[in-house]
Amino acid sequence: MIRAVLTRRDGAFAALLLVSIILACLSAPLYATLNGIDPFSSDIAGTTIRNGQRVDLMQPNDNPLHLGLSPIGPDWRPGPYALGADSQGRDVAARVLYGGRNSLLIAAASATFCLCLAACIGICAGYFGGWIDLILSRILDMLWAIPVYLFAISLSVVTVGHGIRLGPVTIGADNLLIPIGIIALVYVPYAARPLRARALSLSQAGFVMAARGMGASDWRILWREILPGLTPTMAVLAPLVMALCMLAESALSFLSLGVQAPAASWGTIIQDGEGLLYTRPMVAIVPGLAIVLTVLALNVLGNALRDQLDPKGAGR
């Protein structure tokens, strides 16, 4: 299946783009070490080398009166501060790479947790039916009725201030498990519905009926027949749900309800660059472009997987 997807131009391009972004983000420590910078500490009084001369990271504004200071802009050359600095004198390129690690980690972990939970709900509702399906479906309907970002913001506001206490275990407000859990939870209804429909279809298939007639237990049927039948649907949903999770994480972090300082994500970097849009727009544009490219790659990859697994529906 993977080989067939990679033979498509759009699938190969999306996979190459996604792998390039991941490798670039993984190289963040190497970039910081080679250039001798710390992307998480303020360095307003710092300096760097430009065109053989040492210059301050914070430069006078370009307005007629030269009032105030602005961070140094990009020079597009390999080395430190290639994309300039932010309002705290931190290297934008390094922060984008480190922020990408958190954004990709949260998106991947949230999508995995979401699909696992959605698969459990979908299998129980679709296979067993009856009152189990009725209760689970109504719960999903209630969650579906709540706007995604309003639901995520409400959960984040409750948890960011105090963290989560589960008996003897306390999860701090700055722990990445909090945004991972919140983002995964809000997208469960969107993934559970197609998985429930697929499980319901499989439960009425001939091979499942034959397994029941041979006396196979429900656990064996679920493990050997239903779950493998759900795998293609989950494979198609995985990149699409991951793209949604990345957008949700960026929105929450932009609102200071996701990744907390001193950690960074693409959403927090956009927030840092909000006040520099008229002087140093690259602080916000670069992480925004990274989000666009990553989400685009995930969506194209998901569409390629869908067309490969469902050729009859490729034109829909």
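Residues numbered from 1 in each chain as written. Predicted model: local features only at pLDDT ≥ 70, side-chain atom pairs only at ≥ 80, totals over all residues. Heavy atoms only, no water.

## Some remarks on helix α10 (residues 218-254)
Note that an α-helix has 3.6 residues per turn; residues three or four places apart therefore point the same way.
Part 1 of the reasoning: For α10, spanning 37 residues, the distance from its first C-alpha to its last is only 46 Å, which falls clearly below the expected 54 Å at 1.5 Å a residue.
Part 2 of the reasoning: Where α10 bends most, the angle comes to about 40 degrees, and this point is Leu227, followed within four residues by the proline Pro228.
Part 3 of the reasoning: Ser256 lies just past α10 and shows a positive phi near 65 degrees. (Helix = DSSP H or I, 4+ residues; strand = E, 2+ residues; numbered from the N terminus. Expected span 1.5 Å × (residues − 1). Bend = angle between axes of the 7 residues up to and from the residue.)

## Quick look at a nonpolar patch on the surface
Part 1 of the reasoning: A contiguous nonpolar patch, built from Ile285, Leu289, Val292, Leu293 and Leu296 and spanning about 410 Å² of accessible area, is present on the exposed surface.
Part 2 of the reasoning: Its place among the elements puts Val292 in helix α12 (residues 282-309). (Patch = residues over 30% accessible without salt bridge, like charges linked within 9 Å, V, L, I, M, F, W, Y side chains within 5 Å. Areas by Shrake-Rupley, 256 points an atom, 1.4 Å probe, with all protein chains shown as cover. Salt bridge = Lys/Arg side-chain N within 4 Å of Asp/Glu carboxyl O.)

## Some thoughts on helix α5 (residues 130-145)
Part 1 of the reasoning: An ideal rise of 1.5 Å per residue puts 22 Å on 16 residues; α5 measures up with 23 Å between its terminal C-alpha atoms.
Part 2 of the reasoning: Buried within α5 are the following residues: Asp133, Ser137 and Leu140. Within α5, the buried residues cover an arc of 65 degrees as seen down the axis, which keeps them to one side. When the buried face of α5 is taken as reference, the exposed residues oriented beyond 90 degrees from it are Trp131, Met142 and Ala145.
Part 3 of the reasoning: Among the structural elements, α4 (92-128) and α8 (188-203) are those in contact with the buried residues of α5. (Buried < 20%, exposed > 50% of the residue type's maximum accessible area, 1.4 Å probe, protein only. Arc of directions from axis to C-beta. Contact = heavy atoms within 4.5 Å.)

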